[in-house]
Amino acid sequence: MGITFAVAAAAGFAGYYKWRERAFYLQQTADEIERHATAFDLGIHPYDEGGEHSRLAKLAREIEMLRVEQRKREQQLDQPHEGNSEAV
């Protein structure tokens, strides 16, 4: 009975914090930031036009957008799951 309780508690804990989804979204954001940084360093699209200052400003805007999207996804994961129970 104790083992059953421990397994149920661990499953509930893991389901509540959603580590797999968090890790997936964090890795996805990190990959996108790395892709933009590499494009900036190599001077390829979308960082192939303009001076260094304008290219750097564009990189900063893109990375900030990625960070905002990541925060939104984390907030969605923090929200409790609500079923679609509509009153008839």
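A. Layout of the pattern of salt bridges. A complete count under the given rule lists three salt bridges for this structure. Notably, a salt bridge pairs E32 with R35, separated by 2.9 Å at the nearest N-O pair. You can see E32 and its partner R35 sitting in helix α2 (residues 19-42), three residues apart, about one turn around the helix. For E32, a relative accessible area of 28% corresponds to the partly exposed category. The class of R35 is partly exposed, set by a relative accessible area of 47%. Notably, a salt bridge pairs R71 with E64, separated by 3.5 Å at the nearest N-O pair. Its relative accessible area of 35% is what places E64 among the partly exposed residues.

How each quantity is defined
- Residues numbered from 1 in each chain as written.
- Predicted model: local features only at pLDDT ≥ 70, side-chain atom pairs only at ≥ 80, totals over all residues.
- Heavy atoms only, no water.
- Salt bridge = Lys/Arg side-chain N within 4 Å of Asp/Glu carboxyl O.
- Helix = DSSP H or I, 4+ residues; strand = E, 2+ residues; numbered from the N terminus.
- Buried < 20%, exposed > 50% of the residue type's maximum accessible area, 1.4 Å probe, protein only.

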